[in-house]
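Here are the chains, one letter per residue:
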Amino acid sequence: MLSIRDLHARIGERKILKGLNLEVGAGEVHAIMGPNGSGKSTLASVLAGREGFEVTAGRVEYLGQDLLAMEPEERARAGVFLAFQYPVEIPGVNNAYLLKAALNAVRKPRGLPELDAFEFLALVREKMKLMQMDEAFLSRGVNEGFSGGEKKRNEILQMLVLEPHLALLDETDSGLDIDALKVVARGVNTLRSGERAIVLVTHYQRLLDYIVPDRVHVLARGRILRSGDRQLALELEKRGYDWVTGAAA
Amino acid sequence: MNTASPIPRRLDELASSTGTSPERAALLHAALAAGLPTARDENWKYANLRALDRQVFSPLDSIAVGAVAAARAALPEPLEGFTRIVFVDGLHSPELSGGELPAAATLIPAGSLSAVPGTHGPAVTQPATPQAGSGGVPIELRLSQINAALATQGLRIAVPAGARAAIEVVFVAATDAAVAASHPALQVELADGATLDLVERHLGAADVATFTNADVRVQAARGSHLHHHRLQDLGPRSRHFETLALETGDGAECEILTVASGALSARSTALLRLSGRESSLEWHAVSLADRTQVNDAFVRIEHVGPGARNRQVFRGIAAGRSRVAFNGHMVVREGAIGASSEQSLKALLAGSEAEADLRPQLEIYVDEVRASHGATVGKLDEQSLFYLLSRGIERATAEALLKWAFVADVGARIRIPALRRQTEALLAAQLRAVIDVGDLR
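Residues numbered from 1 in each chain as written. Chains lettered and ligands numbered in written order. Predicted model: local features only at pLDDT ≥ 70, side-chain atom pairs only at ≥ 80, totals over all residues.

## Quick notes on the overall build of chain B
Piece 1. Each helix and strand in chain B was counted, giving eight helices and 19 strands.
Piece 2. The C-alpha radius of gyration of chain B comes to 21 Å, within 12% of the 22 Å expected for a compact globule of 441 residues.
Piece 3. Reported as C-alpha extents along the three principal axes, the dimensions of chain B are approximately 70 × 55 × 45 Å.
Piece 4. Looking at chain B residue by residue over its 441 residues, the buried ones come to 55%. (Helix = DSSP H or I, 4+ residues; strand = E, 2+ residues; numbered from the N terminus. Rg over C-alpha atoms; globule rule 2.2 N^0.38 Å. Buried ≥ 20, exposed ≤ 12 C-beta atoms within 10 Å, placed from the backbone.)

This is the structure we're talking about:
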């Protein structure tokens, strides 16, 4: 589903990704781990098409398409979803409006009709229940005055409603207490399916207790230095990132 | 009906014309001697004052043929519970107004405007700042003075003590600026404890290049309540000037909400005096400009009486090659002990050649004051834009949503549902938004 080859990216003069390779197949859950500043969030941003990141070399293929040639909104409509590390607040635009506009935007290229107000509400209510979110959130401005945990839940709610083919979760676990982490993990787990891929970017092993990955990769110094299964994450927890980054030095 | 003033005249011609009454001629001479505002005058530098002295200022004596039909087409849906009074080119149109004038309203005949006692108020007789020219009238009020001299008809709304009224005054400009100018004149008096819901609109007949010089004076007596909505949506080739002078009595509460989105160039001057003890003023304004529009506003709020409160909020968006300017001047006079003043000015640059000028000014002559102010000019927030794009929303829609979000707070303050819908639709259209604003609330 996602094939990244020799990806180089920089912000300004600073080179962040330096020849990253990654293959993610349909139905798989991959965890990208690594120390602070290793390029994890840059990878998520480049895949979603955030401005300010310059790709200087390499290719990213998504469902047979050249992902890097697509605008951010085209990527979203093609089924790529990024759960933000720091979701923005947009007072004046309410959550319901954003959700509905986003949902209709991704349904169109899938050949699905727009949902009417009742169908939409029924769908959202069901997903909100799963995320243990109060319906009052719908009429509030996007993330306006939400706590850190509420923002992260809202990201996962959007993901559940939009049902992407490729979900990128950028440090979704950061700032969550254990109860919120479980709710978020349950949300993500309901999306696991044979035709969907999930890439989790995380600093800590903790999230992987609840969302068990098929593959674990260690990203450091702009490249994947080591890949393995679930055991690799546990090993990292015990031995620290130095164990990988030091060994590769 | 025929147009009774067929000869288009400039100010100097009007002043020396034999057809002008001696009182009017004296006012015009005084204004001309003192001089019209120019870009060199502090507080006028962002306005479009080009060739003001060559502008046709002569008013019409009667409504021009065809103007009523053109004006009718420009009228929005009536507001429930409001009596509508329509003026076309500064002249009352009984045909377009909703029947008889309400009890609170009377027409003021030509030439009597400056003679109405008390309506100028201290804002005129005692200049707010020592900027009075040789004419004795401060430069901010010079166009107001010209309005008083030239308005063919004015409207006086006087709400008696303890009474309530809801009135919509629509000024439609329908005649080309090369033929005549429109001088809308409105004088509002709220007696003790009176309540007035006032909607003041300035609209234009489709595709006519008009020139308006409007003047509004408000006296809000002790314990009165004013909810004043001011909407300027003139045609894209028109030129608009307006002056508002307001004075409050003890404990009066005024809320003024302004949405200015029309005209090729518009200048709004507001001189607001909180004279009474513990009176309050909420001022919320939105200015939108696109293409080559110039939308300039100067608002001076003066605290005179003790314990008065005011809040001033401005949100402006400049797109295309337009200019949006807001000059918010707050003065706390000696004796205005315990004044509280809050100012928040924000402008959004939505075009690479657009210009936004915000100028917060604070002048305080007393110690015991709470005053805060902030002014920021910025572009659309990249993070927010990316967030919306990453959810599959088209770029044009995402940008419109963010602009909408920028001004939504002011729109949300409109408590008259139909007016709010109309205003939101107007804002959305001006933002060229492909968004369904009905769903955004």
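## Focus on the overall build of chain A
Piece 1. Along chain A, the regular secondary structure elements total eight helices and 12 strands.
Piece 2. Against the compact-globule benchmark of 18 Å for 249 residues, chain A has a radius of gyration of 18 Å, which places it among compact chains.
Piece 3. Along the longest, intermediate and shortest principal axes, the C-alpha atoms of chain A span 55 × 40 × 35 Å.
Piece 4. Among the 249 residues that make up chain A, the fraction classed as buried is 43%.
Piece 5. Of all intrachain contacts in chain A linking residues separated by at least 6 positions in sequence, the fraction that spans at least 24 positions is 73%. (Contact = placed C-beta atoms within 7 Å.)

## Thoughts on the nonpolar core
Piece 1. If you look at the biggest cluster of nonpolar residues, it comprises 206 residues, and the most contacted ones within it are Leu168 and Leu200 of chain A together with Val172 of chain B.
Piece 2. Looking at which domains feed residues into this core, each of domain 1 (11–379) and domain 2 (380–441) of chain B gives three or more. (Core = buried A, V, L, I, M, F, W, Y, C linked by C-beta atoms within 7 Å. Domains from an automatic or database assignment.)

## Observations concerning the pairing of strand β12 (residues 265–274) of chain B
Looking down a regular strand, the side chains alternate between one sheet face and the other.
Residue and element names in this part refer to chain B.
Piece 1. Burial within β12 is extensive, with 10 of its 10 residues counted as buried.
Piece 2. Here β12 shows no split at all, with Ser265, Arg267, Thr269, Leu271 and Arg273 on one side and Ala266, Ser268, Ala270, Leu272 and Leu274 on the other all buried.
Piece 3. As paired elements, strand β10 (residues 239–248) and β12 share nine bridges and run parallel to each other. Paired with threonine 243 across the strands is threonine 269, a residue of β12.
Piece 4. Taken together, the 10 bridges between β12 and strand β14 (residues 294–303) define a ladder with parallel strand orientation. The partner of leucine 272 across the bridge, within β14, is isoleucine 301. (Pairing = 2+ DSSP bridges.)

## Focus on helix α2 (residues 22–34) of chain B
Residues and elements named next belong to chain B.
Piece 1. Taking 1.5 Å of rise per residue, the 13 residues of α2 would be expected to cover 18 Å, and the 18 Å separating its terminal C-alpha atoms lies within 8% of that figure.
Piece 2. Of all the positions in α2, only Arg24, Leu27, Leu28 and Ala31 are classed as buried. On an axial view of α2, the arc spanned by its buried residues comes to 95 degrees, and they lie on one face. Opposite its buried face, α2 presents the exposed residues Pro22 and Ala33, each directed more than 90 degrees away. (Expected span 1.5 Å × (residues − 1). Arc of directions from axis to C-beta.)

## Looking at the sheet that holds strand β5 (residues 65–66) of chain A
All names here are of chain A.
Piece 1. If you trace the four strands from one edge of the open sheet to the other, you get β2-β1-β4-β5, paired in antiparallel fashion. Each having just a single partner strand, β2 (14–24) and β5 make up the two edges of the open sheet.
Piece 2. As defined by bridge partners, strand β1 (residues 2–11) adjoins β2 across eight bridges and the pair is classed as antiparallel. Note on β2: the bridge partner recorded for alanine 9 is leucine 17.
Piece 3. With respect to the sheet, helix α1 (residues 40–48) is in contact with β1, β2 and β4 (54–62), its orientation differing from that of β2 by roughly 75 degrees. (Axes fitted to C-alpha atoms, helices over the stretch in contact; angles between N-to-C directions.)

## Re the interface of chain A and chain B
The figure often quoted for interface size is the accessible area lost as the parts come together.
Piece 1. Listed by partner, the interface residues are 22 residues for chain A and 19 residues for chain B.
Piece 2. Those elements that place two or more of their residues in the side of chain A that touches chain B are α2 (72–77), β7 (90–94) and α3 (95–107) of chain A.
Piece 3. In terms of residue count, α3 of chain A provides more of the side of chain A that touches chain B than any other element does, six residues in total.
Piece 4. For the side of chain A that touches chain B, the residue count by class is 15 nonpolar, three polar and four charged. (Nonpolar A, V, L, I, M, F, W, Y, C, P; charged D, E, K, R; others polar.)

## Structural notes on the sheet that holds strand β6 (residues 80–83) of chain A
All names here are of chain A.
Piece 1. A sheet is described by the order of its strands in space; here six strands give the open sequence β6-β9-β10-β3-β11-β12, paired in mixed fashion. Edge strands, defined here as strands with exactly one partner in the open sheet, are β6 and β12 (223–228). Here the average twist between neighbouring strands, direction ignored, is 20 degrees.
Piece 2. Across five bridges, the pairing between strand β9 (residues 166–170) and strand β10 (residues 197–202) is parallel. Bridging from a neighbouring strand, leucine 166 pairs with alanine 197 of β10.
Piece 3. Sheet contacts for α1: β3 (29–33), β6, β9, β10 and β11 (215–220); angle to β9, the most-contacted strand, approximately 145 degrees.

## Description of α3 of chain A
Residues and elements named next belong to chain A.
Piece 1. Across its 13 residues, α3 extends 18 Å between first and last C-alpha, which sits within 8% of the 18 Å expected from 1.5 Å per residue.
Piece 2. Buried residues of α3: Asn95, Ala96, Tyr97, Leu98, Leu99, Lys100, Ala101, Ala102, Leu103 and Val106, and no others.
Piece 3. The inward-facing, buried residues of α3 abut α2, β7, α4 (117–130), β8 (141–142) and α5 (148–162).

## Describing the packing of helix α6 (residues 382–389) of chain B against helix α7 (residues 395–412) of chain B
Helix-helix packing is characterised by the crossing angle of the two axes and by the distance between the axes.
All names here are of chain B.
Piece 1. Direction vectors running N to C along α6 and α7 enclose 135 degrees, while the axes themselves pass 9 Å from each other. In this view, α6 runs oblique relative to α7, as classed from their interaxial angle. Crossing of α6 over α7 shows right-handed handedness. In this structure, α6 contributes Ser384, Leu385, Leu388 and Leu389 to the contact, and α7 contributes Arg395, Ala398, Glu399, Leu401 and Leu402.
Piece 2. Looking at side-chain class alone, the contact of α6 with α7 contains six nonpolar, one polar and two charged residues. (Parallel < 35°, antiparallel > 145°, perpendicular 65-115°, else oblique. Left-handed = near helix turned anticlockwise from the far one by under 90°.)

## Examining the domain arrangement of chain B
Residues and elements named next belong to chain B.
Piece 1. Segmenting chain B into domains produces domain 1 (11–379) and domain 2 (380–441).
Piece 2. On a C-alpha basis, the centroid separation for the pair domain 1 and domain 2 is 27 Å.
Piece 3. Taken together, the contacts link 21 residues of domain 1 with 15 residues of domain 2.
Piece 4. Taken together, the elements giving at least two residues each to the side of domain 1 that touches domain 2 come down to β9 (225–233), β11 (253–260), β13 (280–289), β15 (309–319) and β17 (339–350).
Piece 5. In terms of residue class, the side of domain 1 that touches domain 2 is made up of 12 nonpolar, three polar and six charged.

## Some thoughts on the environment of alanine 339 of chain B
All names here are of chain B.
Piece 1. Tracing the backbone through its elements, the reader meets alanine 339 in strand β17.
Piece 2. In the structure, alanine 339 is positioned 150 residues away from glutamate 189 in sequence and 24 Å away in space, judged by C-alpha atoms.
Piece 3. Beyond its immediate sequence surroundings of up to four residues, alanine 339 is in contact with His303, Ala308, Val332 and Val369.

## Things to note about unusual backbone geometry
Piece 1. Even without being glycine, glutamine 132 of chain A reaches a positive phi, approximately 50 degrees.
Piece 2. Taking the number of C-beta atoms within 10 Å as the measure of exposure, glutamine 132 of chain A has 13 and is therefore partly exposed.
Piece 3. One non-glycine residue, glutamate 278 of chain B, adopts positive backbone phi at about 50 degrees.

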